Amino acid sequence: MSESKKTCADRVRAAFEQALTEGLSYAGLYEKLAADGMDTDKAKDGINSTLRYLVARGYLLRTGEREDARFRRSGAAMARPRLTESQRAERTKAKNRRRVERARAARGATVGLRAAMIPKPVRAAPTAKPVFETYEEYRKRGGRVEYLPASWNRGQ
């Protein structure tokens, strides 16, 4: 098997592609994967899950029960073709791009909704401007000014 087959599913499929027409038992598959350098003790759940998946998809045929079961290729192709690394990377980039665009659109919509919920400030009716006048103008008009004694003026 080539080194490019890294996942458990890829290695199991490759083992069945190399197997003869009689297929493989559980023990035969584990021996083949161990010879390929896979730690079968750690990957036991992954191998069993992959076998169930391949049988359910029609890629493998199962005969027998439990430890007597044998698996062989059905001749049917996998329903979904496997992607190369470059195709997988491109698909991931496109998926992330769509996710970012959706997040930006949601943020923009949220800002618009928040702006609509903020009440407009109440503007008071314009009032007449007060008229200011100086001391001299007030006195000319006839106004009287009362002088109050200050504490600092008492001594004089």
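Since the model is a prediction, treat every value here as computed from it, not as a measurement.

What counts as what
Residues numbered from 1 in each chain as written. Predicted model: local features only at pLDDT ≥ 70, side-chain atom pairs only at ≥ 80, totals over all residues. Heavy atoms only, no water. Salt bridge = Lys/Arg side-chain N within 4 Å of Asp/Glu carboxyl O. Helix = DSSP H or I, 4+ residues; strand = E, 2+ residues; numbered from the N terminus. Buried < 20%, exposed > 50% of the residue type's maximum accessible area, 1.4 Å probe, protein only. Pairing = 2+ DSSP bridges.

1. A few points about the pattern of salt bridges
Within this structure, the stated rule accounts for 3 salt bridges. Measuring nitrogen to oxygen at the nearest pair gives 2.7 Å for the salt bridge that ties arginine 13 to aspartate 10. In this pair, arginine 13 and aspartate 10 are both assigned in helix H1 (residues 8-18), 3 residues apart and thus about one turn of the helix distant. A relative accessible area of 7% means that arginine 13 is categorised as buried. Under the relative-accessibility criterion, aspartate 10 is labelled buried at 18%. One salt bridge in this structure joins arginine 88 and glutamate 85, with 3.0 Å as the shortest N-O distance. Linking arginine 88 with glutamate 85, this pair stays in helix H4 (residues 85-117), spanning 3 residues, or about one helical turn.

2. Considering the pairing of strand S3 (residues 70-73)
Examined bridge by bridge, strand S1 (residues 24-25) and S3 share 2 bridges and lie antiparallel to one another. Of the residues in S3, the one forming a bridge with serine 25 is arginine 70. The pairing of strand S2 (residues 60-63) with S3 spans 4 bridges and is antiparallel. Within S3, the residue paired with leucine 60 across the bridge is arginine 73. In textbook terms, the turn of a hairpin is the stretch between consecutive antiparallel strands, and for S2 and S3 this stretch comprises 6 residues, one of which, glycine 64, has a positive phi near 90°.

All we've got here are geometric facts, nothing functional implied.
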